[in-house]
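Analysis of the macromolecular model
In case you want the letters, here they are:
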Amino acid sequence: LRPLIQEFESTHPEIRVEILHIPDKYYQKLHALLAANLSPDVMFLNNIQFPMYASNQAFLDLEPYLAKSPNLNAEQFYPKTLDGFRWQQQLQGIPRDASNMVVYYNQDLFDKAGQAYPEANWTIDQMLIKAKALTVDQDQDGKPERFGISFQNYLLFWLPYVWSMGGDVFNADRSEFTLDEPEALAGLQQHADLRFKDHVAPRSAEAGTLTMSEMFLQEKVAMIVNGRWAVPLYRQNINFRWDIARFPAGSAGSIVDADASGWVISKKARSPDKAWQLIEFLASRQASEAFTKPGLIIPARKDVAQSEVFLSPGQAPAHAQYFLDALENGKPMPAVPYWNSVMDQVTQALDPVWEGRQTAQEAMLGLDQKIKPLL
């Protein structure tokens, strides 16, 4: 970011930009700044936290700025990334990047197990078959030395199972909690069963202090569900052949998140026009390419996403196009103004499921009555 800001200042000598870097507890700090009327003119935000602030009228409507801009227009961005920053018919953010989940897999382990690589239209049932073939328990003690698939209990990692089975957290207008409906329960149980029924994913004690990425790097997990942010780490540290596949399809298809992060302008900005000039620059093709080159993000700009800067021919993953394909059917995270409070309740309820102490159906009993007041 710093070299880009220096370049912006050199071409806009009348504007000085002060960077406020918050390396820890970002949203808590941002919340405090907004509450104290000390918010920065331009802020970086994701669409998950966005509704909490937008519902409190924290941001400017950027549609008028975009309509007059000679450099930016809505057609340059993937529609789902813009949708994540709409509030009450206003576009209040300009996206920098998209985010979604894919399956990374170890091609060497697939070859060793005699398994064909995942095809573009593979299913969750086929993934399970491959995960079983890739799980190795050499001494037959019930404690596999290698697992077929990863397991993480954070929302981003279990929601694709729910969506792909036709379920969701809320109904269409987000006025009712629906994670207790049959399709959603099927997806939750499917995810939990990877650990306890099929035992193709590591349980808490089996993973120990290792993260799923560390287990993947050490070849203790053959497949891992993860986002684009893992690419730089894997490029630098993996010593085996690897690629990505789309998240496998359930009864409703392959549906993962289509989330976005981007730039907003405070409603209390001292210089909103200058703030927009900065956003115009940060959302330009040149800046988007600079953010994309390290491999960390899926650019929200179509022209950068569909260029060699992102697709990186000759570099893993060979099928980087799958990140873009997943945006077509993806869904933004179903965030609501009291999202963090809702998710605290959901996380607490699901903890026994992820540890094999309850079924998904048992865990969801009565939860809607706790969630309802938050909606």
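The structure reproduced in this document is the subject of the present report. Remember, it's a predicted structure, so these values are computed and weren't measured experimentally. (Residues numbered from 1 in each chain as written. Predicted model: local features only at pLDDT ≥ 70, side-chain atom pairs only at ≥ 80, totals over all residues. Heavy atoms only, no water.)

Remarks on the overall build of the protein chain
Looking only at helices and strands, the protein chain has 20 helices and 10 strands in total. In terms of overall dimensions, the protein chain is globule-like: its C-alpha atoms have a radius of gyration of 22 Å, near the 21 Å expected for 375 residues. If you line up the protein chain on its principal axes, its C-alpha atoms span 70 × 50 × 35 Å. A burial count over the protein chain gives 53% of its 375 residues as buried. Residue pairs in contact within the protein chain that sit at least 24 positions apart in sequence constitute 71% of those at least 6 positions apart. Just so you have it, the protein chain exposes about 17500 Å², and 48% of that area is on carbon and sulfur atoms. Between the averaged position of the 34 positive side-chain charges in the protein chain and that of its 45 negative side-chain charges there is a distance of 4 Å. (Helix = DSSP H or I, 4+ residues; strand = E, 2+ residues; numbered from the N terminus. Rg over C-alpha atoms; globule rule 2.2 N^0.38 Å. Buried < 20%, exposed > 50% of the residue type's maximum accessible area, 1.4 Å probe, protein only. Contact = heavy atoms within 4.5 Å. Areas by Shrake-Rupley, 256 points an atom, 1.4 Å probe, with all protein chains shown as cover. Lys, Arg positive; Asp, Glu negative; His and termini not counted. Charge placed at Lys NZ, Arg CZ, Asp CG, Glu CD.)

Side note on the packing of helix H9 (residues 182-196) against helix H18 (residues 339-354)
The geometry of H9 relative to H18 is characterised by a closest axis approach of 9 Å and an angle of 40° between their N-to-C directions. Considering the angle they form, H9 stands oblique to H18. Between H9 and H18, the contacting residues are Leu188, His191, Ala192, Arg195 and Phe196 on the first element and Leu350, Val353 and Trp354 on the second. Broken down by class, the residue content of the contact of H9 with H18 amounts to six nonpolar, one polar and one charged. (Axes fitted to C-alpha atoms, helices over the stretch in contact; angles between N-to-C directions. Parallel < 35°, antiparallel > 145°, perpendicular 65-115°, else oblique. Nonpolar A, V, L, I, M, F, W, Y, C, P; charged D, E, K, R; others polar.)

As for the sheet that holds strand E5 (residues 101-106)
One key point about sheets: their strands pair by backbone hydrogen bonds, in either a parallel or an antiparallel sense. Pairing is mixed across the open sheet formed by four strands, whose spatial order is E6-E7-E5-E8. Every interior strand has two partners, whereas the edge strands, strand E6 (147-149) and strand E8 (242-246), have only one. Adjacent strand axes in the sheet meet at a mean angle of 30° when their direction is disregarded. (Pairing = 2+ DSSP bridges.)

What about the side chain of Arg228?
With respect to the helices and strands, Arg228 occurs in the loop between strand E7 (221-227) and helix H12 (231-237). One buried charged residue, Arg228, forms no salt bridge at all, with the nearest opposite charge on Asp243 at 9.0 Å. Looking at Arg228, its side chain comes within polar contact range of the main-chain oxygen of Gly295, at 3.0 Å. Contacts of Arg228, omitting those with residues within four sequence positions, involve Asn100, Tyr104, Arg235, Gly295, Leu296, Ile297, Ile298, Phe310, Pro317, Ala320 and Phe323. (Salt bridge = Lys/Arg side-chain N within 4 Å of Asp/Glu carboxyl O. Polar contact = N/O pair within 3.5 Å; in protein donor to acceptor, adjacent residues only side chain to side chain.)

Focus: the pattern of salt bridges
Tallying each qualifying case throughout the model produces 12 salt bridges. Of the charged contacts, one joins Arg86 and Glu63 as a salt bridge, the two residues approaching to 3.5 Å between their closest N and O atoms. Placement of Arg86 in strand E2 (residues 86-87) and of Glu63 in helix H4 (residues 63-68) is noted, with a sequence separation of 23 residues between them. Taking the relative accessible area as the measure of exposure, Arg86 reaches 34% and is therefore partly exposed. In this structure, Asp198 and Lys132 form a salt bridge, with 3.8 Å as the shortest nitrogen-oxygen distance. In this pair, Asp198 sits in the loop between H9 and helix H10 (204-207) while Lys132 sits in helix H7 (residues 124-134), placing the two residues 66 residues apart along the sequence. Taken together, the shared-partner salt bridges in this structure form one network comprising Arg285, Glu289, Arg301 and Asp303.

Overview of the sheet that holds strand E4 (residues 94-99)
Reading across from one edge, E1-E9-E4-E10 is the order of the four strands in this open sheet, with antiparallel pairing throughout. Because the sheet does not close on itself, it has two edges, and the strands there are strand E1 (42-46) and strand E10 (298-299). Both E4 and strand E9 (residues 259-265) contribute to a ladder of five bridges, which runs antiparallel. Looking across to E9, one finds that Ala98 is bridged to Ala260. Packed on one face of the sheet, helix H13 (residues 272-282) meets E1, E4 and E9 and runs near 150° to E9.

Focus on the packing of aromatic side chains
In this structure the tally under the stated criterion is 21 aromatic pairs. Here Tyr53 and Phe59 contribute two aromatic rings whose centre-to-centre distance is 6.2 Å and whose plane-to-plane angle is 55°, an arrangement assigned as tilted. No difference in accessibility class separates Tyr53 from Phe59, as the two residues are buried. Aromatic pair Tyr161 and Phe247: ring centres 5.0 Å apart, planes at 90°, arrangement edge-to-face. (Phe/Tyr/Trp six-rings, centres within 6.5 Å; stacked < 30°, edge-to-face > 60°.)

Overview of the environment of Leu66
Along the chain, the position of Leu66 falls in helix H4. What makes Leu66 buried here is its relative accessible area of 7%. Sequence separation between Leu66 and Ala230 is 164 residues; the distance between their C-alpha atoms is 32 Å. Sequence-distant contacts of Leu66, that is, excluding residues within four places in its chain, are made with Leu72, Asn73, Ala74, Leu91, Ile94 and Trp276.

Looking at a negative patch on the surface
A cluster of acidic side chains, namely Asp173, Glu176, Glu181 and Glu183, defines a negative patch on the protein surface. Here Glu176 shows up in the loop between helix H8 (155-164) and H9. (Patch = residues over 30% accessible without salt bridge, like charges linked within 9 Å, V, L, I, M, F, W, Y side chains within 5 Å.)

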